[in-house]
Amino acid sequence: MIRKALGKIIKSPWNVQYTKSVQNSYSNATVTGSSIEGKTVCISGATGDIGNALVRRFLIEKCHVILIGRSEEKLKKLCDQYHAEMHYMVIDLSIPTEIENVYGDYVKKNRIDILINNAGVFGGVREKRFRNVPVVNLINTLNTNLKSAELLSKLLLEAYKGKKIEISIINISSICSQFNSFGYSPYGISKAGLLGLTKDLNAKYGRYGAIIRAILPGSVATKMGNIKVGDNIEGNNNILNRPALAEEIAALAAVYTSDIGKYCINNLTASAGEKL
């Protein structure tokens, strides 16, 4: 109450504006000690807000970046935005055969060191009751958010079967996977499934050197969260009193793929100061 009263008097010195300068402040230096420089990183859902931040982060780390998205127009625009030569694959991740035909063929002939499974759709509905969710929404969301991550990961890992697998995979899950209020939505189900996938892949491929981890963002300043650049993002039920930034999620993902990240014990990490 005191804080609210003071805010009215002095125009709230706690206002947190999400601006271009804030975004750029995350672009000054490596967060990996240059330990992943020269590695090839493949990012699904590359044209979304978190995807864009991931692309920017791994370019800063001087990695070779491969983009996956549905819209060739958006993928070309992303390449132009960063004036970088990036390979891209136009794939509708809700269609498993497209993944197998395009991406599957690519990994047989080309090396990928780091895979970021970032693609995600909310499903077009915000129904808490499972019985109210249209079947088509459920299938599309599960295929895009979960099945695609399984296929992208397994096709990559199987390409190195019988060899030492020095590959890092980061699955971008969500704090929604942990909360009952989202537990019966297609989005919550798919993100919970990503946690199971992370554990399963670690159990099967971890012994060969693969590192698979999941990040569980809470509220993030993105279009999916109804936040755009220029908005005041103060106020959120977490220790930061604001949503996380896409740039922070991207930096955490990069750290997890670095030499430092190899020594992190926990394979599942909640971000944005949310409580599990």
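Residues numbered from 1 in each chain as written. Predicted model: local features only at pLDDT ≥ 70, side-chain atom pairs only at ≥ 80, totals over all residues. Heavy atoms only, no water.

### Here's the deal with the side chain of Thr144
Defined as follows: Under the scheme used here, helices are H or I runs from DSSP no shorter than 4 residues and strands are E runs no shorter than 2 residues, and both carry numbers assigned from the N terminus. When a residue's accessible area, from a 1.4 Å probe over protein chains only, is under 20% of the maximum for its type it is buried; when over 50% it is exposed; and in between it is partly exposed. In what follows, residue pairs with any heavy atoms lying within 4.5 Å of each other are defined as contacts.
Note on placement: Thr144 falls in helix H6 (residues 135–158). Residue class for Thr144 comes out buried when judged on its relative accessible area of 9%. Residues contacting Thr144, with those up to four places away along its chain left out, are Leu93, Ser94, Ala119 and Val121.

### Looking at empty space enclosed by the protein
In plain terms, the rule: The method works on a 1 Å grid over the protein atoms by themselves. A cavity is a set of points holding a 1.4 Å probe that cannot get out, a pocket is an open set with protein on both sides within 12 Å along at least five of seven lines, and residues with an atom within 4 Å of a point line them. Grid points are joined across faces, edges and corners, and a volume is the space filled by probe spheres set on the points.
Enumeration according to the criterion identifies one cavity of 30 Å³ or more in this entry. By volume, the largest cavity is sized at about 50 Å³. Along its surface, the largest cavity is lined by Gln23, Tyr26, Ser27, Ala53, Arg56, Arg57, Ile60, Glu247 and Ala250. Sorting the residues of the lining of the largest cavity by element identifies helix H3 (49–60) and helix H8 (246–256) as the ones contributing at least two each. No other element matches H3, which puts four residues into the lining of the largest cavity.

### Quick notes on unusual backbone geometry
Generally, phi is negative for residues other than glycine and the peptide bonds are trans, each holding for most cases. For Lys62, which is not glycine, the phi dihedral falls at a positive 60°. Along the polypeptide, Lys62 turns up in the loop between H3 and strand E2 (64–69). Its identity is not glycine, yet His83 carries a phi of approximately 50°, on the positive side. Position of His83 relative to the elements: it lies in the loop between helix H4 (72–81) and strand E3 (87–90).

### Digging into the environment of Cys42
As for its position among the elements, Cys42 is in strand E1 (residues 40–44). Along the primary structure Cys42 and Ile112 are separated by 70 residues, whereas in three dimensions their C-alpha atoms are 6.8 Å apart.

### Description of the pairing of E2
Filter applied, for reference: Two strands qualify as a pair provided that DSSP identifies no fewer than 2 bridges between them. Here a crossover is taken to be right-handed if, once the strands point away from the viewer, the path from the first strand over the helix to the second is traced clockwise.
Most of E2 is tucked away, with five of its six residues classed as buried. Note: E1 against E2, five bridges, orientation parallel. Bridged to Ser44 within E2 is Ile68. In this fold, the crossover linking E1 to E2 by way of H3 has right-handed handedness. Sheet topology note: the E2/E3 ladder contains four bridges and is parallel. Bridge assignment links Gly69 to a residue of E3, and that residue is Val90. Note on the crossover from E2 through H4 to E3: the handedness is right-handed.

### As for the pattern of salt bridges
Opposite charge on two side chains permits pairing when their charged atoms draw close. What counts here: We define a salt bridge as a contact between a side-chain nitrogen of Lys or Arg and a carboxyl oxygen of Asp or Glu at a distance within 4 Å.
As enumerated under the stated definition, the model contains seven salt bridges in all. With its nearest N and O atoms 3.3 Å apart, the salt bridge here joins Glu150 to Lys147. Of this pair, Glu150 and Lys147 both sit in helix H6, three residues apart, roughly one helical turn. Among the residues examined, Glu150 registers a relative accessible area of 23% and is labelled partly exposed. With a closest N to O distance of 3.6 Å, Lys262 and Asp259 form a salt bridge. Owing to a relative accessible area of 44%, Lys262 belongs among the partly exposed residues under this scheme. Residue classification places Asp259 among the partly exposed positions, given a relative accessible area of 38%. Put simply, Lys147, Glu150 and Lys154 are held in one network by salt bridges that share partners.

Honestly, that's just the spatial picture; any functional story needs more than this.
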